[in-house]
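Close look at the chain arrangement
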Amino acid sequence: MFEPRGRLEENLLDVMAAILDLGDARYACLVEKTGIVLEMPEADGPLQALRRVIEAQAPAILSLAAQLAAGGEMEDAFSGWADDEFLVAVLNERVALVVACPDAEALKAAVDPPLRALADGLMRWKAAYRLDAQGRGLFVARPRLDVIVVGRHND
């Protein structure tokens, strides 16, 4: 019933690799408010700049779904990056998968099964991800997975 943490992390990386392949993407990471907790591939060279943008904007990325739902002013979480589109999947406003890819809308259309597997794995990997933004557990509410497409910036 309980898998070792290292095995769960390997499974998460496998699902992230499948998502990268589906979207012909070049980078994916899991981000919390404090920064990136897992990434694929490991950021070096040009990906280091992308990693810095994502880490600097971690709180804004996690709040994208709430900002969209509120309908007011939105912080542009990816304003420092114009080279990619982004697929962002936010689980319970606690952790987000960020995928840098050439066509985020096409990836969104194909990614549902692996995203469900990723959400399941994330909730087993870290108990805090099972809580919603108000701190309620899954026995009160179902997990919330918001999928957002962020287009390329033409600055």
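The model shown is predicted, which means the values in this text are computed figures rather than measured ones.

Cut-offs applied
- Residues numbered from 1 in each chain as written.
- Predicted model: local features only at pLDDT ≥ 70, side-chain atom pairs only at ≥ 80, totals over all residues.
- Heavy atoms only, no water.
- Phe/Tyr/Trp six-rings, centres within 6.5 Å; stacked < 30°, edge-to-face > 60°.
- Buried < 20%, exposed > 50% of the residue type's maximum accessible area, 1.4 Å probe, protein only.
- Lys NZ or Arg CZ within 6 Å of the ring centre and 35° of its normal.
- 1 Å grid on protein atoms, 1.4 Å probe; cavity = no way out; pocket = protein on both sides within 12 Å on 5 of 7 lines; lining within 4 Å.
- Points joined across faces, edges and corners; volume = space filled by probe spheres on them.
- Nonpolar A, V, L, I, M, F, W, Y, C, P; charged D, E, K, R; others polar.
- Core = buried A, V, L, I, M, F, W, Y, C linked by side-chain atoms within 4.5 Å.
- Helix = DSSP H or I, 4+ residues; strand = E, 2+ residues; numbered from the N terminus.
- Contact = heavy atoms within 4.5 Å.
- Salt bridge = Lys/Arg side-chain N within 4 Å of Asp/Glu carboxyl O.
- Pairing = 2+ DSSP bridges.
- Axes fitted to C-alpha atoms, helices over the stretch in contact; angles between N-to-C directions.

Moving on to the packing of aromatic side chains. All chains considered together, the criterion is met by 2 aromatic pairs. Between Phe78 and Phe86 the ring centres are 4.0 Å apart and the planes differ by 15°, which places this aromatic pair in the stacked class. For the pair Phe78 and Phe86, a shared accessibility class is recorded, and that class is buried. With a centroid separation of 6.4 Å and an interplanar angle of 50°, the aromatic rings of Trp125 and Tyr129 are classed as tilted. With respect to class, Trp125 is no different from Tyr129; both count as buried. One residue, Lys126, lies across the ring of Trp125, its end atom 5.4 Å from the ring centre.

This part is about empty space enclosed by the protein. A water-sized probe, rolled over the atoms, reveals where empty space remains. Scanning the model with the defined rule gives 1 cavity of 30 Å³ or more in all. Considering the residues around the largest cavity, the lining is formed by Leu30, Ala89, Leu91, Val95, Ala96, Leu97, Leu115, Leu118, Ala119, Leu122 and Leu145. Classifying every residue of the lining of the largest cavity gives 11 nonpolar, no polar and no charged.

Judged by nonpolar contacts, the single largest core of 27 residues is most densely connected at Ile19, Leu30, Leu97, Val99, Leu118, Leu122 and Trp125. For this core, the elements supplying multiple residues, two or more each, are α1 (5-22), β1 (27-32), β3 (85-91), β4 (95-101), α5 (104-110) and α6 (112-125). Residues within four places of Leu97 in sequence aside, it is in contact with Met16, Ile19, Ala28, Cys29, Leu30, Leu87, Val88, Ala89, Leu115 and Leu118.

Let's shift gears to the pattern of salt bridges. The tally for this structure, following the rule as stated, stands at 8 salt bridges. For Arg51, the salt bridge identified is with Glu55, shortest N-O distance 3.1 Å. Linking Arg51 with Glu55, this pair stays in helix α2 (residues 46-56), spanning 4 residues, or about one helical turn. Owing to a relative accessible area of 33%, Glu55 belongs among the partly exposed residues under this scheme. The partner of Arg124 in a salt bridge is Asp120, with the nearest N and O atoms 3.1 Å apart. Residue Arg124 and its partner Asp120 are located together in helix α6, separated by 4 residues, close to a single helical turn. For Arg124, a relative accessible area of 36% translates into the label partly exposed.

What follows is about the sheet that holds β3. Spatially, the 5 strands line up as an open sheet ordered β2-β1-β4-β3-β5, and their pairing is antiparallel. Only two strands of the sheet have a single neighbouring strand rather than two, namely β2 (35-40) and β5 (145-150). The mean angle between the axes of side-by-side strands here comes to 20°, regardless of whether they run parallel or antiparallel. Judged from the 6 bridges that link them, β3 and β5 form a sheet pairing that is antiparallel. Bridge pairing in β5 links Leu91 to Leu145. Against the sheet, α2 contacts β1, β2, β3 and β4, and its axis sits at roughly 25° relative to β1.

What follows is about the pairing of β4. The element β4 is largely enclosed, with a buried count of 7 among its 7 residues. Burial of β4 is two-sided: the residues Val95, Leu97, Val99 and Cys101 facing one way and the residues Ala96, Val98 and Ala100 facing the other way are all buried. Sheet topology places β1 next to β4; 5 bridges connect them, and they run antiparallel. Counted as the bridge partner of Leu30 is Leu97 from β4. Both β3 and β4 contribute to a ladder of 7 bridges, which runs antiparallel. Paired with Glu85 across the two strands is Cys101, which belongs to β4. The antiparallel pairing of β3 with β4 creates a hairpin that spans 3 residues between the two strands, and Asn92 there sits at a positive phi of about 50°.

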